[in-house]
Amino acid sequence: MEPETDVEPGAYAEELADALVGVLRPIRRRLRAGLTVPRLRGAEVELLRLVEARPGIGVSEAAKELHLAGNSVSTLVNRLVQDGQLVRETDPADRRAARLLLTEAAGARLRDWRARRAALVRRQVDRLGQADRDALRAAIPALRRLAVNLREEADRP
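Residues numbered from 1 in each chain as written. Predicted model: local features only at pLDDT ≥ 70, side-chain atom pairs only at ≥ 80, totals over all residues. Heavy atoms only, no water.

### Topic: the overall build of the chain
Part 1 of the argument: Along the backbone of the chain there are six helices and two strands.
Part 2 of the argument: The globule rule puts the C-alpha radius of gyration for 157 residues at 15 Å, and the 19 Å found for the chain is more than 25% above it.
Part 3 of the argument: For the chain, the spread of C-alpha atoms along the principal axes amounts to about 60 × 40 × 20 Å.
Part 4 of the argument: For the chain, with 157 residues in total, the buried portion stands at 18%.
Part 5 of the argument: A separation of at least 24 residues holds for 52% of the contacts in the chain among residues at least 6 apart in sequence.
Part 6 of the argument: When the accessible surface of the chain is summed, it comes to about 11500 Å², and 53% of that surface belongs to carbon and sulfur atoms.
Part 7 of the argument: Separation of charge centres in the chain, based on 29 positive and 24 negative side chains, amounts to 7 Å. (Helix = DSSP H or I, 4+ residues; strand = E, 2+ residues; numbered from the N terminus. Rg over C-alpha atoms; globule rule 2.2 N^0.38 Å. Buried < 20%, exposed > 50% of the residue type's maximum accessible area, 1.4 Å probe, protein only. Contact = heavy atoms within 4.5 Å. Areas by Shrake-Rupley, 256 points an atom, 1.4 Å probe, with all protein chains shown as cover. Lys, Arg positive; Asp, Glu negative; His and termini not counted. Charge placed at Lys NZ, Arg CZ, Asp CG, Glu CD.)

### Some remarks on the confidence of the model for the chain
Part 1 of the argument: Here the chain averages 88 in pLDDT, while 93% of its residues score no lower than 70.
Part 2 of the argument: For the chain, helix α1 (residues 9-33) is the element with the lowest average pLDDT, namely 87, and helix α5 (residues 104-126) is the one with the highest, namely 94. (pLDDT = per-residue confidence, 0-100.)

### What to know about the nonpolar core
Part 1 of the argument: The biggest cluster of nonpolar side chains holds 18 residues, and the ones touching the most others in it are L47, L48, V73, V77, L86 and L100.
Part 2 of the argument: Only α2 (42-53), α3 (59-66), α4 (70-82) and α5 provide two or more residues apiece to this core.
Part 3 of the argument: Apart from residues no more than four positions distant in its own chain, V77 is found in contact with L47, V59, L86, R88 and L100. (Core = buried A, V, L, I, M, F, W, Y, C linked by side-chain atoms within 4.5 Å.)

Quick look at the structure:
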């Protein structure tokens, strides 16, 4: 699908960024409103999701992956361990290094968050017409490639 021809290229990028923020911000707000447990900060959720995807990841590797300073991730890890969301185990290959694992509580919390997020988005997508639903489905691969490009750019020095 081609962008509208009367939109300048720079404006198109800004419109896309604004549209993405306009979708993500209300999703975050609505999900926070339904919480029965203390809210996690964005970086804490990102770290939990990373540990879920890569159990046993080390603190320095997590910092690199999240584009955060090592001491910032250490602070997050300490808080999440104290809150019962993460387990920090000594790496048998290097006794100085720690490996991170989710607790059952954190796994359940992430599963609940995903289910609530999917239900919220599904309800709103169902309110759209078929053409809009088809356009959103068709845009998913391009949005994933955009996300990869953004991560790759962040990885460059």
